[in-house]
Amino acid sequence: DLMYTFNTYNNLKSATYKDLHLITGIAIDMDFGEVRRFSGKDPLDIIKVLEKIEFDKTIPTPQAIEYGRNLRLIYALEKVPATVASKKLANKLATVVAERLVDYGGSNQPLTTFGRVIGSVNSKGGQVIKVMYLNEEKYTLKELQEKYLEPLPEWYPEWKNKTNRKVINFGKNFNKYANYY
């Protein structure tokens, strides 16, 4: 099992959610073998079904599909700094795409997920990992949001901009005594 990361991290010590630096990819796992009507099918058969029914209709076409024992749809993104907002948006996109593929065994993966290296062997079933490339152009998070997510309600921008913050007056002597604490 040889793996690589889809996204980059702030350090080499831990690949955790809080240490994400740049978001460059989203992955959707498809355990089609657990779906009764697809059990025993070849991954290439499932890819053909997805191309005919789902891609560019209900979900975006992935840049690549990793397959061996099951499928993994890989969406390459233009680099985005891993802020709280961009992480939430990327997770929401992965959730929405996975929900649309639930009939195929689809499930979203965390941003910290890893991919398998082409030609490596999956230890669960002994299959060699292969990749099918479908789309060279990278997506932007904004593009995917506008095309595949429900628009925000009309009241949302006004609600978000409301200020419920209190103004605290520390007084004119704040700087005078600040050095004592």
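Nothing here was measured: the structure is a model prediction, and the numbers come from that model.

Rules behind the numbers
For every chain, the first residue of its written sequence is number 1, and the numbers climb from 1 along that sequence. Local features are withheld for residues below a pLDDT of 70 in this predicted model, meaning they are given only at 70 or higher, and side-chain atom pairs are given and counted only at 80 or more; totals for whole chains, interfaces and linings count all residues. Values reported for side chains reflect all heavy atoms of the structure, with hydrogen atoms and water molecules removed beforehand. Distance thresholds for patches are 9 Å for like charges and 5 Å for nonpolar side chains (Val, Leu, Ile, Met, Phe, Trp, Tyr), applied to residues having over 30% relative accessible area and no salt bridge. Accessible areas in this description were obtained via Shrake-Rupley with a 1.4 Å probe; residue shielding takes into account the shown protein chains only. What counts as a salt bridge is simple: a side-chain nitrogen of Lys or Arg found within 4 Å of a carboxyl oxygen of Asp or Glu. Numbered from the N terminus, helices here are DSSP runs of H or I no shorter than four residues, and strands are runs of E no shorter than two. Relative accessibility under 20% of the residue-type maximum defines a buried residue, over 50% an exposed one, and the middle range a partly exposed one, all with a 1.4 Å probe and only protein chains included. Here, nonpolar core refers to any group of buried Ala, Val, Leu, Ile, Met, Phe, Trp, Tyr and Cys residues whose side-chain atoms link them within 4.5 Å. We call two residues contacting when some pair of their heavy atoms lies within 4.5 Å. In protein, a polar contact requires one atom able to donate a hydrogen and another able to accept it; more generally it is a pair of N or O atoms within 3.5 Å, and residues adjacent in sequence count only if both atoms are side-chain atoms.

1. A short note on a nonpolar patch on the surface
On the surface, a cluster of nonpolar side chains totalling about 250 Å² of accessible area is made up of Leu2, Tyr4 and Val117. One can find Leu2 in the segment before β1 (3–5). The class of Leu2 is exposed, set by a relative accessible area of 53%.

2. Focus on the nonpolar core
Residues Ile26, Ile28, Leu50, Leu71, Leu73 and Leu101 are the most contacted members of the largest nonpolar core, which totals 37 residues. Going through the elements one at a time, β3 (20–30), α1 (43–53), β4 (64–67), β5 (71–81), α2 (84–100) and α3 (141–148) are the ones with two or more residues in this core. By residue number, the principal contributor to this core is α2, which donates seven residues. If near-sequence neighbours (up to four positions away) are discounted, Ile26 is found in contact with Leu73, Ile74, Tyr75, Leu77, Ala90, Leu93, Ala94 and Leu141.

3. Section: the side chain of Asp29
Relative to the helices and strands, Asp29 is located in strand β3. A relative accessible area of 14% places Asp29 in the buried class. A polar atom in the side chain of Asp29 sits 3.5 Å from the side chain of Gln109. Not counting chain neighbours up to four residues away, the residues in contact with Asp29 comprise Leu71, Arg72, Gly105, Gly106, Ser107 and Gln109.

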